[in-house]
Amino acid sequence: MQVVKFMFQPHGDDRGQLIALEEMIDIPFKIKRVYYMYDTKEGVVRGYHAHKSLEQILVCIHGSCKVRLDNGKEKKVVLLEKPYEGLYIANNIWREMYDFSSDAVLLVFASELYNEDDYIRDYNEFLNFIDNESRAN
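Presented here is a report on the structure given in the accompanying data block.

1. Topic: the overall build of the chain
When you go through the chain residue by residue, the secondary structure sums to one helix and twelve strands. Relative to the compact-globule value of 14 Å for 137 residues, the chain shows a C-alpha radius of gyration of 15 Å, a close match. The principal-axis extent of the C-alpha atoms belonging to the chain is close to 55 × 35 × 25 Å. Split into buried and exposed, the 137 residues of the chain put 34% on the buried side. Residue pairs at least 24 apart in sequence account for 77% of intrachain contacts in the chain once pairs closer than 6 positions are excluded. For the chain, the exposed area adds up to about 8300 Å²; of that, 47% sits on carbon and sulfur atoms. Positive and negative charge centroids in the chain, built from 17 and 23 side chains respectively, lie 3 Å apart.

2. Re the nonpolar core
Counting residues in hydrophobic clusters, the biggest one holds 17 residues, and the most contacted among them are L58, V67, L69, L80 and L106. Within the residue set of this core, elements represented by two or more residues are β6 (56-62), β7 (65-70), β8 (75-80), β9 (85-89) and β11 (105-110). Of the residues forming this core, the biggest block, three residues, is contributed by β7. Non-local contacts of L69, meaning those with residues more than four positions away in its chain, are made with M1, V3, E74, K75, K76, V78, L87, I89, I93, W94 and R95.

3. Thoughts on the sheet that holds strand β10 (residues 94-98)
Sheet strands associate in pairs through backbone hydrogen bonding, adopting either a parallel or an antiparallel arrangement. Pairing is antiparallel across the open sheet formed by five strands, whose spatial order is β8-β7-β10-β5-β12. Looking along the sheet, the strands with just one partner apiece sit at the ends: β8 and β12 (119-120). Alignment of strand β5 (residues 46-51) against β12, held across two bridges, turns out to be antiparallel. Paired with H51 across the strands is Y119, a residue of β12.

4. Structural notes on the environment of G43
Along the chain, the position of G43 falls in the loop between β4 (33-38) and β5. The exposure class of G43 is exposed, given its relative accessible area of 74%. In this structure the C-alpha to C-alpha distance between G43 and Y98, which are 55 residues apart in sequence, comes to 7.3 Å.

Rules used throughout
- Residues numbered from 1 in each chain as written.
- Predicted model: local features only at pLDDT ≥ 70, side-chain atom pairs only at ≥ 80, totals over all residues.
- Heavy atoms only, no water.
- Helix = DSSP H or I, 4+ residues; strand = E, 2+ residues; numbered from the N terminus.
- Rg over C-alpha atoms; globule rule 2.2 N^0.38 Å.
- Buried < 20%, exposed > 50% of the residue type's maximum accessible area, 1.4 Å probe, protein only.
- Contact = heavy atoms within 4.5 Å.
- Areas by Shrake-Rupley, 256 points an atom, 1.4 Å probe, with all protein chains shown as cover.
- Lys, Arg positive; Asp, Glu negative; His and termini not counted.
- Charge placed at Lys NZ, Arg CZ, Asp CG, Glu CD.
- Core = buried A, V, L, I, M, F, W, Y, C linked by side-chain atoms within 4.5 Å.
- Pairing = 2+ DSSP bridges.

This is the structure we're talking about:
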């Protein structure tokens, strides 16, 4: 499984840093939804799902967290700790976000509006879905 990280261009001077992100330029899809997680308690794991069609970019804009990615055959853990670094997650990838620092703010750019039907929340269902997708192709 290939992990794709985007390095966003910081613009700064003695006043501080600024990062501007534009859809279809810095983010490889049209942005339909933006949300963020913060005050995540110690030991809490977020995610535990995959999406059938939605794509995301995750940016830990403050603090740090880890993201476990699983394509049904292989698993990888990615550390997010730089506010200028974005992790691209394609559809059909199981994700779990964990080990949040106490000050972590995880920003998510999504390619689609919220749609519960796009979620796969059961891991065994995810594996079956991936298996059926690979047989169809």
